[in-house]
Each structure stands twice: as C-alpha cells, then as structure tokens.
Amino acid sequence: MNIQSLTSKFLRNDIITRSNHSGLNASNVSYPNLRPLEKDTVSFGAKSKLIVDTSAVTTIRDIISLNYEKTHPFLEILSKRLMDTMDAVARELKGAGLIFDRTYNEKAPIKSTNSYVSKLKRSGSTPKDPVRGTWYLRNLHDLSIFTDKILPALKERGYEIAPVAPRKKVPDFDVRLSGVSEKAKNALPKSMRDVSSFKEQGSGYGDIQFRLIDTLADKKKTTPIEIIIVAGEHTAKAKSNESYYVYDITRVLKNELHISEIKDPEIHTPAYRIINNIKIITDSLNAQISNPLYTNAKMLDIERNSNSLLSVGLDTNTVRVLPGLAEGIQNKIPLHYKAKIKEVKMDKTLSAAQRREKIELLEQQKKEDLEIITFVKNRLEETIEKYGTKS
C-alpha cells in the first residue's frame, strides 16, 4: 500500500472524533493515570517509519491512530519521568525564577490521537514529539538561564537537547520572543541562534521551545520530548483559552480546508470569497481575543501590572458578522466544487478513467471541506458565547 499517495485523501479531516479501538493499551503493567493532551498549539515536525497494522481499521487515519495508541504505555513512562525531572529542576533553580506547575502539566502530558494525526497533516510527516512539558520563567528573555542553568541540570539527569537541524518549516528549536537583546542572543550557541525566529507569533504568543532526548530510555523506542518555556501561569492559561476558542478555528480554515490552498483565486469566484471570509474571521479573532489575551498575560507574568489590562471580547458588530461569514463559506463550497467538476467533464485531454478519478477526488474534498466548516460554525458559537460581551 502506498501510504504517501493516500494521505491527502484520507487524512485531511480530523474534526470528527472517531471512537477509540478497544483493547489497544491492554497490558499487565500498571502505568501512571495521566490524561492525553486534548489539544495542541505548538508544532514540530520530523519523519519516521510507519508500521501498518490493518486489523479492525477502515481508513489510513485508522491505521495511523491504531499504531500511535499502541505506543501510549511507553509514552506514559517517558512522561512520568519527565514530570518528576522537571519538578526537581524547578526546585533546584527556584532562585533563577523557574517554576513547574505539575497540575497544569499533568492535564496534558501526551498528545491525543486527534492532535497527533492533525499534526501529521500540518507538517506533512509523522510527529516525533508526542510527550511534552511546560515550565514558567519570568525572566524569559535572559537566555543565559536556559544555557547556563537549565540545560546542565537536565543533562545531569540523563536528558540531552536533540540535535538542532538547519532552518526548516517547523524547527527543532526556536526562541519565539520579540525584543531579545543582542547580548541575550549571544548566550545561545550559534546553531540555536541561527534557527531562532526571535519573533512572537501573530497572535502575540511567545515562548522558548526545544526537544529533549531521554538517554536513559529504551534506545529502540526513544522519541524526542517537546519542552516549552513561557513567562508564567497567565500565559499558560491564555494559551489554553486561545487554542480552543481561536487557534482551532483559524488552523483548520487556513491549513486544512482544501480551498484555502488556492493561490490568487480569480476575483468574484467562490474560492475568492471563501478566502476573503477566512481572512476576516482570522483577523477579527486575533485582534479582539488573541492579542489582548497575550498582552494581558505578559503584563501579569512579566511586569506584574494588573492596572492596565486590555478588554478581551468580540464587539457587537463582530458577533453579528462572524456567523454570516462562516455561513457564506459553507454556501460557497458546493459552488466551487460544482465549477471544478464541470471543468473536468469538459476537459477533452483526459481519458474517461482520469475524469472519474479527478471527480471522485473533488467530491471527497468537498465532503471534507463541508465537515470542516460545520466544525468551525459550532466552535464559533462557543467562542461567541464566551467572548461576545464586549460593547
């Protein structure tokens, strides 16, 4: 089976949650009672070999999900040791301002199956960092704390930073912070400096993120671990809310909707209107929710100032307009695919078999795009219910 050729057809939509296969994690070994990660906002990517077990599965997504779920017992062992190590390092470096919130971390120690498959689709390759942990560090811009204190403390406990690859779409290491001084940048090894963006995301979110290798784990099973360092608990809380109420919406619209991949669509076409609606939705959510959320978090975590917090919420006009924009996307999707199918039918250079294949693919894409916009509409309702109070 050619997995690579099928992924574009079967892996596009992870919006509808599929039932877990029973018995996947059966074992006589007792593992920590840790809940998998419910959602993810930070992405790394890497390639790995996919082992296919075709029992009791119906799609490529099922095959990937099944194989991933079979690794959970080992991932739980990795996660438990990571939690203990991060806790110990934070206690040791308390004077440097490092904090480990175990309650927060144990809510999301391992990527869920849906998050894992979604990440595979976004990066184009199998994710290699299903286990993750988060520290808080108020002096986040002082990178010498990271290089001179955190990394040596981790090495003493059997962890090494994963090799930093040259700049790529999803880097192995990144300092996603604006306003880092040249002196602070120079505290990093050149390999880390060269791949770091030194720029916050458009939403205003900033962090230090990197991968670790547990050198004490089974060498045949070992997998990189994702570590994130943010400024404090308010940033972590803002990230959790922004991920659910904003990022999940904008991510699927911009990265998973087939029509969003069209570059420079002709004006007045359904695709043009869809892409324009996506931009308005994204800009509105970022401007009125994401940016003020992270600005407030920085003021609370870094400046310790609660006197000048911004209002977070959608104004009445945006509350009125957003559902209509999503409805417009939903209405234009069938029109886009109807036109595309007509083009295929009229293309005399194609054989009958080629036409059937192209039409089948377009019908599948239409189905997936309609499922995505249904998810978006439902999630927008939740977002408006939570943040639609700004006058």
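Placed above this text is the structure.
Residues numbered from 1 in each chain as written. Predicted model: local features only at pLDDT ≥ 70, side-chain atom pairs only at ≥ 80, totals over all residues. Heavy atoms only, no water.

A.B. asks: How do you make sense of the nonpolar core when you look at a structure like this?
C.D. replies: Across soluble globular proteins, nonpolar side chains show a tendency to be buried alongside one another. Counting residues in each nonpolar core, the largest one holds 46 residues, and the members touching the most others are Trp135, Phe210 and Ile229. For this core, the secondary-structure elements that each account for two or more residues are helix H2 (60–69), helix H3 (72–92), helix H5 (113–123), strand E4 (131–137), helix H6 (143–156), helix H8 (190–195), strand E7 (207–214) and strand E8 (225–230). If one sorts the elements of this core by residue count, H3 sits on top with eight residues. If near-sequence neighbours (up to four positions away) are discounted, isoleucine 229 is found in contact with Trp135, Leu137, Leu140, Phe146, Ile150, Asp207, Ile208 and Phe210. (Core = buried A, V, L, I, M, F, W, Y, C linked by side-chain atoms within 4.5 Å. Buried < 20%, exposed > 50% of the residue type's maximum accessible area, 1.4 Å probe, protein only. Helix = DSSP H or I, 4+ residues; strand = E, 2+ residues; numbered from the N terminus. Contact = heavy atoms within 4.5 Å.)

A.B. asks: Explain the environment of lysine 149 here, please?
C.D. replies: Topologically, lysine 149 is positioned in helix H6. Once residues lying within four places of it in the same chain are set aside, the contact partners of lysine 149 are Leu93, Ala96 and Ser144.

A.B. asks: I tried to follow helix H9 (residues 233–256) on my own but got confused; where do I start?
C.D. replies: Given 3.6 residues to a turn, an α-helix orients residues that are three or four positions apart in the same direction. Where H9 bends most, the angle comes to about 50 degrees, and this point is serine 243. Of all 24 residues making up H9, 17 are buried, and the element is well covered by its neighbours. (Bend = angle between axes of the 7 residues up to and from the residue.)

A.B. asks: When you look at helix H10 (residues 270–303) in this model, what are you seeing that I'm missing?
C.D. replies: For H10, spanning 34 residues, the distance from its first C-alpha to its last is 47 Å, which sits close to the expected 50 Å at 1.5 Å a residue. Maximum bend of H10: about 45 degrees, positioned at asparagine 286. The first or second residue beyond H10 is arginine 304, which carries a positive phi of 55 degrees. (Expected span 1.5 Å × (residues − 1).)

A.B. asks: How should I be thinking about the pattern of salt bridges in this particular structure?
C.D. replies: Pairing between side chains of opposite charge can happen when their charged atoms approach one another. Counted by the stated rule, this structure contains 22 salt bridges. Across the pair aspartate 84 and arginine 102 runs a salt bridge, and its minimum N-O distance is 2.6 Å. On the criterion of sequence distance, the pair formed by aspartate 84 in helix H3 and arginine 102 in helix H4 (residues 102–105) is long-range, its members being 18 residues apart. Judged by its relative accessible area of 34%, aspartate 84 falls in the partly exposed class. For arginine 102, a relative accessible area of 23% corresponds to the partly exposed category. Of the charged contacts, one joins lysine 185 and glutamate 182 as a salt bridge, the two residues approaching to 3.4 Å between their closest N and O atoms. Taken as a pair, lysine 185 and glutamate 182 lie in helix H7 (residues 182–185) at a separation of three residues, close to a single helical turn. A single network of salt bridges, built from pairs that share partners, joins Lys80, Asp84, Asp87, Arg91, Arg102 and Glu106. (Salt bridge = Lys/Arg side-chain N within 4 Å of Asp/Glu carboxyl O.)

A.B. asks: What is the right way to look at the packing of helix H11 (residues 316–346) against helix H12 (residues 352–387) in this model?
C.D. replies: Any two packed helices are characterised by how steeply their axes cross, that is the angle between the axes, and by the distance between the axes. Remark: H11 packs on H12, axes separated minimally by 10 Å, with the N-to-C direction vectors making an angle of 180 degrees. By the angle between their directions, the pair H11 and H12 is classed as roughly antiparallel. Its residues assigned to classes, the contact of H11 with H12 comprises 16 nonpolar, three polar and nine charged. (Axes fitted to C-alpha atoms, helices over the stretch in contact; angles between N-to-C directions. Parallel < 35°, antiparallel > 145°, perpendicular 65-115°, else oblique. Nonpolar A, V, L, I, M, F, W, Y, C, P; charged D, E, K, R; others polar.)

A.B. asks: Would you mind showing me how to read the environment of alanine 90 here?
C.D. replies: Tracing the backbone shows alanine 90 in helix H3. Overall, alanine 90 belongs to the buried group, its relative accessible area being 6%. Along the sequence, alanine 90 and leucine 137 sit 47 residues apart, while their C-alpha atoms lie 9.7 Å from each other. In this view, alanine 90 contacts Leu98, Ile99, Phe100 and Trp135; residues no more than four positions away in its chain are not counted.

A.B. asks: Sorry if this is basic, but what is going on with the pairing of E8 here?
C.D. replies: As a general feature of sheets, a regular strand has side chains that alternate between the two faces. Counting buried residues in E8 gives six out of six residues, a clear majority hidden from the surface. The alternating pattern of E8 places Ile225, Ile227 and Ile229 and Glu226, Ile228 and Val230 on opposite faces, both of which are buried. Bridge count for E4 against E8 is six bridges, and the pairing is parallel. Bridge assignment links threonine 134 to a residue of E8, and that residue is isoleucine 228. Relative to E8, E7 runs antiparallel, the two being bridged by five bridges. Bridge pairing in E8 places leucine 212 opposite isoleucine 225. (Pairing = 2+ DSSP bridges.)

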